[in-house]
Amino acid sequence: MTDIATAARRPGEQALSALGLGAPALDPADASPHTFPGGGRWRTEIPSCEGPEALAVVLKESSRLDVPIHRISQGSGVWMLTDAEITEIEATAERDIELCLFTGPRGTWDIGGSVRSDSRGGGLRARGHDAVAGCVEDAVRATELGVKCLLVADEGVLWTLHRARVAGIIPTDTTLKVSALIGPVNPAAYAVYERLGADSLNVPSDLTLDHLTEIRRVSAAPMDMYIEAPDDLGGYVRMYEVAELIRRGARCTSSSASPRLPASTRGAPISATSPWTRPANGSAVAAWRSTSWPATARTRTWLPWARGCRGLSTASPQRAPLTDPWGLQAARGRSRSSPRPQGTRAGVFRGAGNCATSPHRTRTEPPNRHHPKPTPPQTHTPLAAPLNDEKNEASSMHIRRSRALPLIAGAATLALTLSACGQSGSGGSKEKSSSAKGGTIGIAMPTKSSARWISDGNNMVKDLKAKGYKTKLVYGEDDPDTQVSQIENMITQGVKGLIIAAIDNKSLNNVLQEAASAKIPVIAYDRLILGTKNVDYYASFDNEKVGTLQGTYIAEKLGLTSGKKGPFNIELFAGSNDDNNTKYFFDGAMKVLQPYIDKKELVVKSGQTALNKVTTLRWDGTTAQNRMEDILTGSYKTGRVDAVLSPYDGISIGILSALKSDGYGSSSKPLPVITGQDAELASVKSIIAGEQTQTVYKDTRQLAKVADTMLDDVLNGKTPQTNDTKTYDNGTKVVPAYLLQPVSVDKTNYEDVLVKGGYYTDAQLK
């Protein structure tokens, strides 16, 4: 640790040390090693920005001070804003700013006078059925206008909105944030909110550093915290502790109520005066867009209580009484797949999260991966939830949207470093017997932001339980380090086998060596794990055929296969560059499309045709949307896009949003042919509505059974069935595989394939 870093962490330390009054050494066991994508550990939010006027002032001041803003939130409630105001706020917000709105009514907004008593009664919660219904109505209305984050101050509302999210009543990528008004004060309470569906939690500002560390040891959910709390939340000032809060809580969100901005906004960006590193070369906001935050930045800043000049009484007209007071039945008839209105940018950080899903576990870190190994090594005991707690880990309660918008920080469970023990393995164990029955199988999935992975995980849990096993299902939220730690935990806890859908197919070598040393067999699920001999089998689909189906569909839909010469304009998108499947999908498509490109019957006006130019990190739809917007701006001042090769439904939705914002979708400017993959519910609805054109259906119910059966066979001394022993060379070995066949789906056959096949019901697609 350098002198500069030490001084930054402990103000006045150099002067005190010179007087012989130096502080004791920092405890490495309390340090959080986690970062956001790109290495940064802090981002900025402005809470309680009550209208477009206040937001405009805040943005102007943040630009003057060169302070990045990643999210704005509003404190009075969706019901206090008109549709036009919500749309105006989104349009006013800059490109990379997410909008988070409070659900209401609650507390002092109704007859709950007990909140004004010394005991505060039930607090600022939603009293009764009608109040909960009002919150649901707010959520439905806000999400229809493109809002991707909802602020919640009631446990019942949180659970209800989570259920609505799982059911598709509100978009599945909606993020739920727990307000400071009901923030948890201990690890057990934190875990409860997490299981109710919270994607981030605002803790009270009077928690000690040790309290925050305790929470980090049992939970990976993002954490928010005012460092200068408003008076009605205690008025605590903790600016002098910012650096230590960062060290222990990164990724963490801080907030300041200091009146350094104009009086109409009341709030100050602590990053303007704080000692940690900020982006160089250009504005902080521009730096964030290129994901170039410094590795030393470890928290985020809030500007609380930003008020507009207008009175709240003029903010919203009276709303009609609810005929469906829960807002659920009416919501079912509303489309959730429509892109946001032009100019909105809510949810741009979807998928950038870093949170694990299981709040109860002991976390260990491999040596030298993030921070020095403590001496002597220690472990922390989890609060509860044993490894085989299937009811808790795999229940619908636990299926919540994360990709956990890292917009308000948090870190995966804080832990100490343990070295792997045992001798080097030889590529997975074949020495298992039927004694594995009744044991626990670890299932590591990439993220909950995609409905597909939720379905995969649930299907495996169900099938393995039927085979006599217990399960431990975790989601890495698209962060490789989180997934590595989750797998380490499962190895330490003694799982009998592992099924892994890798986030980064090259990051698991060390942890799989630990698995091999413990004689734990590994099945790679749908994504081949590269560079290790310690993977036994691979269960997937014929990935090159997926791309072939997409490319063939484009050629047929444009008429190229029936003799039309074009030229037609096409743009190419590929999956994440750290996913081995990406090249198979792309190669399969280009085997069909490249001959037409060579003959100039297909033209890529952007000129972006090489795989390394068209990949989409983490398969993120917002990343794809931003790239499509840039292509339209730079290459389509004249002409139109006739087709887009999209490898995945989530990417397709982002592309559609960019196209519609550019005026596509009218009779004079129809949408292009757009492919996809995974037959996700939102995209199937989009296909039915005539927007997205095609998707590739992969029956993951069958894939889950293949992977489960493979592992069951290995554990019982049998040789699993495979149908490809030559194709999938991971750089160290050819991994024997079983491949299932994908199916092209569009508006003409979705009923036969998806509905009659039992994948979706008619009701789900309406």
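Residues numbered from 1 in each chain as written. Predicted model: local features only at pLDDT ≥ 70, side-chain atom pairs only at ≥ 80, totals over all residues. Heavy atoms only, no water.

Some details on a nonpolar patch on the surface
Among the surface-exposed residues, L16, L19 and L21 lie close enough to one another that they form a single nonpolar patch of about 310 Å² accessible area. By the element assignment, L19 lies in the loop between α2 (13-18) and β1 (44-46). On the basis of relative accessibility, which here comes to 65%, the residue L19 falls in the exposed class. (Patch = residues over 30% accessible without salt bridge, like charges linked within 9 Å, V, L, I, M, F, W, Y side chains within 5 Å. Areas by Shrake-Rupley, 256 points an atom, 1.4 Å probe, with all protein chains shown as cover. Salt bridge = Lys/Arg side-chain N within 4 Å of Asp/Glu carboxyl O. Helix = DSSP H or I, 4+ residues; strand = E, 2+ residues; numbered from the N terminus. Buried < 20%, exposed > 50% of the residue type's maximum accessible area, 1.4 Å probe, protein only.)

So, helix α8 (residues 209-218)
Within α8, the full set of buried residues consists of L209, L212, T213, I215, R216 and V218. For α8, the secondary structure elements touched by its buried residues are α7 (187-196), β7 (223-228) and α9 (242-249). (Contact = heavy atoms within 4.5 Å.)

Considerations on the sheet that holds strand β19 (residues 643-645)
Spatial ordering of the open sheet is given by β18-β17-β19-β20, a layout of four strands whose pairing is parallel. Edge strands, defined here as strands with exactly one partner in the open sheet, are β18 (602-603) and β20 (673-674). Direction of pairing for strand β17 (residues 568-572) relative to β19: parallel, over a ladder of three bridges. In the sheet register, E571 faces β19, and the bridge partner there is V644. Where helix α16 (residues 543-558) meets the sheet, its contacts fall on β17, β18, β19 and β20, and the angle it forms with β19 comes to roughly 175°. Relative to the sheet, helix α17 (residues 581-598) contacts β17, β18 and β19, its axis offset from that of β17 by approximately 155°. (Pairing = 2+ DSSP bridges. Axes fitted to C-alpha atoms, helices over the stretch in contact; angles between N-to-C directions.)

A word on the pattern of salt bridges
This structure, assessed with the given rule, holds 25 salt bridges. Residue R165 is joined to D199 by a salt bridge in which the shortest nitrogen-to-oxygen separation is 2.7 Å. In this pair, R165 is assigned in helix α6 (residues 155-166) and D199 in the loop between α7 and β6 (200-202), connecting sequence segments 34 residues apart. Of the two residues, R165 and D199, neither departs from the other in class, the shared state being buried. Between D662 and K669 there is a salt bridge, and its shortest N-O distance comes to 3.4 Å. Looking at K669, the relative accessible area reads 24%, which means it is partly exposed. What emerges from the salt-bridge pattern is a single network uniting R452, D456, D526, D678 and K698.

Thoughts on the packing of aromatic side chains
Applying the stated criterion across every chain yields a total of six aromatic pairs. Seen in terms of ring centroids, F585 and W619 are 6.1 Å apart; in terms of plane orientation they differ by 70°. Their pairing is edge-to-face. In this pair, F585 is assigned in helix α17 and W619 in the loop between α18 (611-614) and α19 (621-635), connecting sequence segments 34 residues apart. When sorted by exposure, F585 lands in the same class as W619, which is buried. Both rings, one in Y759 and one in Y760, keep their centres 5.0 Å apart while their planes meet at 75°; by these two values the pair is edge-to-face. The same class applies to Y759 as to Y760, namely buried. Members of the aromatic cluster, connected to one another through ring pairs, are Y538, Y584 and Y728. Note that K605 overlies the ring of Y636, its terminal NZ or CZ placed 4.9 Å from the centroid. (Phe/Tyr/Trp six-rings, centres within 6.5 Å; stacked < 30°, edge-to-face > 60°. Lys NZ or Arg CZ within 6 Å of the ring centre and 35° of its normal.)

Looking at the nonpolar core
Within the largest apolar cluster, 53 residues are counted, with the highest numbers of intra-cluster contacts made by I72, I86, L101, L158, L161 and V203. If one sorts the elements of this core by residue count, helix α5 (residues 128-144) sits on top with seven residues. When residues no more than four places from it in sequence are discounted, the contact partners of L101 are Q74, V78, L81, I86, A142, V147, C149, L150 and L151. (Core = buried A, V, L, I, M, F, W, Y, C linked by side-chain atoms within 4.5 Å.)

Brief notes about the pairing of strand β15 (residues 522-525)
Both faces of β15 are covered, namely the face carrying V522 and A524 and the face carrying I523 and Y525. One ladder, built from three bridges, connects strand β14 (residues 497-500) with β15; its direction is parallel. Among the inter-strand pairings, I499 is bridged to a residue of β15, identified as I523. Traced from β14 through helix α15 (residues 509-517) to β15, the parallel crossover comes out right-handed. Bridge count for β15 against strand β16 (residues 537-541) is three bridges, and the pairing is parallel. When the sheet's bridge partners are listed, Y525 is paired in β16 with A539. (Right-handed = clockwise from strand over helix to strand, strands pointing away.)

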